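Results of the structural survey
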Amino acid sequence: TDIEVVSTRLKKILLAAVLAALFISAVFAFLAAFIITRPVNRIHAAAMELSRGNYDKKISGPGNDEIGDLAKAFNHMAEQIKLKVEEITSQSARFKAVLLSMSDGVVVVDKKENILLINDALKKIFPVTGDAFGKKPLEVVRNVEVQEIAESLLAGRESHIKKEISRILPEEKTVIVHGTPVVRDGNIEGAVMVFHDITEIRRLETVRRDFVANVSHELRTPASNIKGFAETLAAGALNDREHAAEFVKIIEENSDRLVRLIEDLLSLSRIESGKAPLDLKKCPVRDIIEKLEKETAKQAELKKIKFEKILPSNEIYIKADESMIFQALFNLADNAVKYTHENGHVKVTAREIKGSVEIEVSDDGPGIPEEHLERIFERFYRVDKSRSRETGSTGLGLSIVKHIAEEHGGSVRVESVFGKGSSFFLILPQF
């Protein structure tokens, strides 16, 4: 019985000791887990913030153990990632700023021919609508040649492509395309195509060719006439008093025409080049028109043309170079008198319009067909070439008027009804 009592007591003591040991072990295990997992949880939370783009998140208070070393390494990694992201973002911003501000159009495609980027300049060259990202060049620019260039670059058939292409609709454009593949580690990753709009250059080249051809033709005609009649006189016609006087008159007329043409060319050249400085001052419109009436009076009287001027009751002024404005108005009035039939009517009207002065020169002559109105101010452009040469016109008068108006910050336009007359409007800034 004593042994059983002692045994029972020992069992109770042993059970209590085991339970106490288990409790103490659990407490120590919990404390150990808390101490270890707490910094790990902080690292996990910081990693999640880093993945969301918060590169300023740091793990504070790391110890000197392995967890502390891991926390320090994590903080250093976050700082490096932040620096690299800022550098890449800055480079990307600079690249996009340069790309989007370029006057040339740019298209960047990946190796699957999908568009990654286009700039605003390209949208001015081609009628791009909607979002172009992820689409094929053909879907965006609607040009087969552009698609073929992209395919050739990505296939590695060309290291650089330069090609001139044309687009007709909605308006005619001429574009030079430069294409280059993007190569990385020997593999083609995409392509870049740069579009340079040379429409204006081609137009100017055409204008220059036409100008040279027209000048050559205009100079050759009077020069040939002078040479031909001079040779005729030298060959013996000089002794024929009746015909000699007629030949000399023809030589004189062609010489005058040659001089007028050269003077008009020089005037136009000075105005276009800006070498004719403007002496801008306050000019009374009434005085200019009255002077114009006097200068055209003789020619108008010969054709019995009525010259009428309509001026406002109050004096109006323009800010202009008086001699150049008179030259422009004289060209308009001179044409009106030349092309108006006998007993016709030429009218000059001045009026104020919203801070500007509009001077209208109208006639009741043959008028200008509608298809010629858009080109009437081009150099050497004539509606009726045979009639123009009969009147001694050089074909430069209206072009000079246009350039004088533009030099003064104004404009010129024409309205005409074929068979009923024409009206030219010179608009100038009011003083």
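Residues numbered from 1 in each chain as written. Predicted model: local features only at pLDDT ≥ 70, side-chain atom pairs only at ≥ 80, totals over all residues. Heavy atoms only, no water.

1. Some words on the pattern of salt bridges
Should the charged atoms of two oppositely charged side chains come close, the side chains can pair. Inspection of the entire model under this criterion finds 13 salt bridges. Where glutamate 205 meets arginine 202, a salt bridge forms, and the shortest distance between an N and an O atom there is 3.3 Å. With glutamate 205 and arginine 202 both in helix α6 (residues 199–234) and 3 residues apart, the pair spans about one turn of that helix. For glutamate 205, a relative accessible area of 26% gives the class partly exposed. A salt bridge links lysine 227 to glutamate 231; the nearest nitrogen and oxygen atoms lie 2.4 Å apart. Of this pair, lysine 227 and glutamate 231 both sit in helix α6, 4 residues apart, which is roughly one turn of that helix. Taking relative accessible area as the criterion, glutamate 231 reaches 43% and is therefore assigned partly exposed. (Salt bridge = Lys/Arg side-chain N within 4 Å of Asp/Glu carboxyl O. Helix = DSSP H or I, 4+ residues; strand = E, 2+ residues; numbered from the N terminus. Buried < 20%, exposed > 50% of the residue type's maximum accessible area, 1.4 Å probe, protein only.)

2. Quick word on the sheet that holds strand β3 (residues 161–167)
If you walk across this open sheet you meet the 5 strands as β2-β1-β5-β4-β3, and the pairing is antiparallel. At either margin of the open sheet sits one strand with a lone partner, and together these are β2 (115–118) and β3. This sheet shows a mean twist of 20° between the axes of neighbouring strands, independent of strand direction. Sheet analysis places strand β4 (residues 173–184) next to strand β5 (residues 187–197), joined by 10 bridges and oriented antiparallel. Each bridged residue has a counterpart across the sheet, and for glycine 179 the counterpart in β5 is methionine 193. Packed onto the sheet, α6 meets β3, β4 and β5 and runs at close to 140° relative to β4. (Pairing = 2+ DSSP bridges. Axes fitted to C-alpha atoms, helices over the stretch in contact; angles between N-to-C directions. Contact = heavy atoms within 4.5 Å.)

3. Describing the packing of helix α9 (residues 322–339) against helix α11 (residues 397–407)
In contact at an axis separation of 9 Å, α9 and α11 are set at 145° when each is read in the N-to-C sense. Read as a crossing pair, α9 and α11 show a hand that is left-handed. Along the contact surface, α9 presents Met324, Ile325, Gln327, Ala328, Asn331, Leu332 and Asn335, while α11 presents Gly397, Leu398, Ile400, Val401 and Ile404. A per-class count over the contact of α9 with α11 returns 8 nonpolar, 4 polar and no charged. (Left-handed = near helix turned anticlockwise from the far one by under 90°. Nonpolar A, V, L, I, M, F, W, Y, C, P; charged D, E, K, R; others polar.)

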